[in-house]
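Residue-level structural notes
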Amino acid sequence: MKYEIIEHTGDVGIIVHGSTYEELFSGAVEATADIIVDIRKLGHNRTRDIEITSDNYESLMVDLLSEIVLLLEVEGTLYYEADITIDRNSMSLKGTLKGGEVIDENDYRYVIKAPTYHMIEVNPEKGFARIIFDV
């Protein structure tokens, strides 16, 4: 996993490294989950198909990570692997999420409310994506 945590006033962020949009989006799912809990302690017993269409890469990223946070809140499942394909013409992604149930023994590192648009950048040409979360 190629990411780093960045502190931001009252919030937390990640910088994910990758050279394609698919690497950045998949890496962002994994990094987001890993800053919530130690994903090495989660099971691997849940899958979910996902399909999202948006206006641009930044909105697509926010929508994807918002879905990860929502599914944790609603289902109690944290998805931390994403096998996705991005269609650049329709600005959409589709694929499969894999994860596990979060149980009481999992210690939360951060409680994420939502990804934000503040300072967001998704740029495989520069080799990174930056996302700030409201905690």
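Procedures and definitions
- Residues numbered from 1 in each chain as written.
- Predicted model: local features only at pLDDT ≥ 70, side-chain atom pairs only at ≥ 80, totals over all residues.
- Heavy atoms only, no water.
- Helix = DSSP H or I, 4+ residues; strand = E, 2+ residues; numbered from the N terminus.
- Expected span 1.5 Å × (residues − 1).
- Buried < 20%, exposed > 50% of the residue type's maximum accessible area, 1.4 Å probe, protein only.
- Phe/Tyr/Trp six-rings, centres within 6.5 Å; stacked < 30°, edge-to-face > 60°.
- Polar contact = N/O pair within 3.5 Å; in protein donor to acceptor, adjacent residues only side chain to side chain.
- Contact = heavy atoms within 4.5 Å.
- Axes fitted to C-alpha atoms, helices over the stretch in contact; angles between N-to-C directions.
- Left-handed = near helix turned anticlockwise from the far one by under 90°.
- Nonpolar A, V, L, I, M, F, W, Y, C, P; charged D, E, K, R; others polar.
- Pairing = 2+ DSSP bridges.

Along its 16 residues, helix α1 (residues 21-36) runs 23 Å from first to last C-alpha, staying within 8% of the 22 Å computed at 1.5 Å per residue. Of all the 16 residues making up α1, 14 are buried; the element is thus mostly covered by neighbouring parts of the structure.

Evaluation of the coordinates by the stated rule reveals 1 aromatic pair. When the ring of Tyr 21 is compared with that of Tyr 57, the centres are 3.8 Å apart and the planes differ by 15°; the resulting orientation is stacked. Here Tyr 57 lies in helix α2 (residues 57-75) and Tyr 21 lies in helix α1, a separation of 36 residues in the sequence. The residues Tyr 21 and Tyr 57 share a single accessibility class, namely buried.

With respect to the helices, strands and loops of the structure, Asn 123 is situated in strand β7 (residues 121-123). A distance of 3.1 Å separates the side chain of Asn 123 from the backbone nitrogen of Lys 126, its partner in a polar contact. Every residue in contact with Asn 123, bar those within four places of it in the chain, is listed here: Leu 24 and Phe 128.

The interhelical angle for the contact between α1 and α2, taken along N-to-C directions, is 35°, at an axis separation of 11 Å. For the crossing formed where α1 meets α2, the hand is right-handed. Between α1, through Tyr 21, Leu 24, Phe 25, Ala 28, Val 29, Thr 32 and Ile 36, and α2, the contact on the second element is made entirely by Tyr 57, Leu 60, Met 61, Leu 64, Leu 65, Ile 68 and Leu 72. Split by residue class, the contact of α1 with α2 holds 13 nonpolar, 1 polar and no charged.

Turning our eyes to something else, we now look at the sheet that holds strand β5 (residues 92-101). Pairing between the strands of a sheet is mediated by backbone hydrogen bonds and can be parallel or antiparallel. The antiparallel open sheet is built from 3 strands, whose spatial order is β3-β5-β4. Sheet topology places β3 (46-53) and β4 (77-87) at the edges, where each strand pairs with a single neighbour. For this sheet the average axis-to-axis angle between neighbouring strands, irrespective of direction, equals 20°. Bridge analysis of β4 against β5 gives 10 bridges, and the strand direction is antiparallel. Opposite Ile 86, over in β5, you have Leu 93 as the bridge partner.

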